[in-house]
Amino acid sequence: MPESPADPPGLDLALLRAHLDRELPGLVQGPLRADLIEGGRSNLTYVLTDGTGRWVLRRPPLGHVLATAHDMGREYRVMTALRDTEVPVPRTLLLDPGTDVLGAPWYLMEFVPGISHRDVAPLAALGEQRVRALGLRLVDTLAALHRIDPAAVGLADFGRPDGYLERQLRRWSTQLANSRNRDLPEVERLHALLAARRPVSPAPALVHGDYRLDNVLVGDGEGDGEGDGEGDAITAVLDWEMSTLGDPLTDVGLLVMYTEVAGVGGGIIPSAATAPGFPKPDELAAYYAESTGRQAGDLDWYVAFASFKLAVVAEGIHYRYQQGRTLGAGFERAGEMAPILARHGLSTLKEH
C-alpha cells in the first residue's frame, strides 16, 4: 500500500493511532497508513495497515445528518453476535460510539481476504460449474442466517418483527418523498399495489436487509480440479447496516430481484449474476425453500418490493447527483433507473 500524502477524507490518523494505542495497546506496531476503499451513499470503508497487520475501519459518510441512518453500533453488534455461527463475518475489534476521534461513530474489524464479485467478466472466468456452486453457496449462507435463533446470540431485541412490512413500505415511501423533484407515476403505482397486496409474514428471522452477491467476499480457491468450486468459499458477509429482525423473505426477494435485473443500466446494477452458470431466479428461490423448509409464498410481492426499494435508492442518487452532491462514474445515469425498476416490479405483479 503506497504512502498517503495526507490523511484520507474522514480520517485523522494521529488521533486514531493515539486512540488505538489506548484501547488496543500493542495492536499497531509501525506507522499507521490508510486507504479509502469505498465511498458514496453507504458507510465509508478504509483499509488500515502498519506494514505488517491489516484492519478495516467503517464510519458514516462525510456530512451525514441522521445518526440513525448509518448506525455503526448496529453493524458492530450484529457481526459480534454472529462471530461463532455458520454465517462468516469479520471479527470485530473496537467500537467507538463517540465523535471525539473521527467526528462520528466508527468501528474497527479484522481484514478478511476475498473478492467482491460485481462485474460479470471476473466471475465468468471461473467457469460455469464454479459459478453455479457459488450461487448456491450464496443461498446456503442466507439460509444459515435465517436459521439462527436471535435470542441464542443475544439479538432478541434487535428489531420489531410485528408490522415489519407495513413499516418498510412507509419508510421507503417517505424516503422517496424526501429525495425527488419529478413525477414518478409508475413508482407511485407500484407502491400502491404493494400496500394493497401486502402478505402476512412468516415467522421472523434475522434479516440482512441488502443481501446480494457483491455484499459478500469470496475466496479465490481453485477447487479440486474438477471445477466444482469447493475452494470458492464465502469468507465474509458484509454491509449489515440495514439488518434487523423481520420478514426473511425480503432477503430472498432482494436476491432474486438483483439476479433478474443484473447488468441493467449499463453497470449501475451489478452484472456478475449474468455469468453463465449462475442459478436462475426460480432456482435460487426453490433452493432456499428446500434448505430452510420455508415456503417462499407470495415471492412475486417480495421481488416487486425489492424493485420498489431499489427504485427509491436510485432516485435518491439521481436527486443528489442533480444537486452536485454525488460524484462518480455512472451516477449520471441513475435517473433512468427508477422508472425501469418500477416497471420491473409492476411486471412481476402482473401489472403493466
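Residues numbered from 1 in each chain as written. Predicted model: local features only at pLDDT ≥ 70, side-chain atom pairs only at ≥ 80, totals over all residues. Heavy atoms only, no water.

Take the pairing of strand S5 (residues 106–110) next. Two faces make up the sheet, and in a regular strand the side chains alternate between them. For S5, the tally of buried residues reaches 4 of 5 residues, placing the bulk of the element in the interior. Here strand S3 (residues 54–59) pairs with S5 via 4 bridges, running antiparallel. Counted as the bridge partner of Arg-58 is Tyr-107 from S5. Two strands pair when backbone bridges link them, and strand S4 (residues 92–96) and S5 are joined in this way by 4 bridges, in the antiparallel orientation. Bridging from a neighbouring strand, Leu-95 pairs with Tyr-107 of S5. (Buried < 20%, exposed > 50% of the residue type's maximum accessible area, 1.4 Å probe, protein only. Helix = DSSP H or I, 4+ residues; strand = E, 2+ residues; numbered from the N terminus. Pairing = 2+ DSSP bridges.)

For soluble globular proteins, nonpolar side chains are generally found buried alongside one another. Formed by 81 residues in total, the largest nonpolar core has its most connected members in Leu-82, Val-87, Leu-194 and Trp-240. Looking at this core, the element that brings in the most residues is helix H9 (residues 299–322), giving 14 residues. Each residue touching Val-87, except ones within four places of it in the same chain, is listed here: Leu-82, Thr-141, Ala-144, Leu-145, Ile-148, Val-237 and Trp-240. Membership of the second largest hydrophobic core comes to 18 residues, among which are Leu-11, Leu-48, Trp-55 and Leu-93. (Core = buried A, V, L, I, M, F, W, Y, C linked by side-chain atoms within 4.5 Å. Contact = heavy atoms within 4.5 Å.)

Attention now moves to the pattern of salt bridges. Side chains that differ in sign of charge can pair as their charged atoms come close. Applying the stated criterion across every chain yields a total of 14 salt bridges. We note a salt bridge from Asp-214 to Arg-118, for which the minimum N-O separation is 3.4 Å. Residue Asp-214 is found in the loop between strand S6 (205–207) and strand S7 (216–218), and its partner Arg-118 is found in the loop between S5 and helix H3 (120–124); the two are separated by 96 residues along the sequence. For Arg-212, the salt bridge goes to Asp-214, with nearest N and O atoms at 2.7 Å. Residue Arg-212 is classed as buried on the basis of its relative accessible area, which comes to 11%. One network of salt bridges, with partners in common, ties together Arg-58, Glu-75, Asp-239 and Glu-241. (Salt bridge = Lys/Arg side-chain N within 4 Å of Asp/Glu carboxyl O.)

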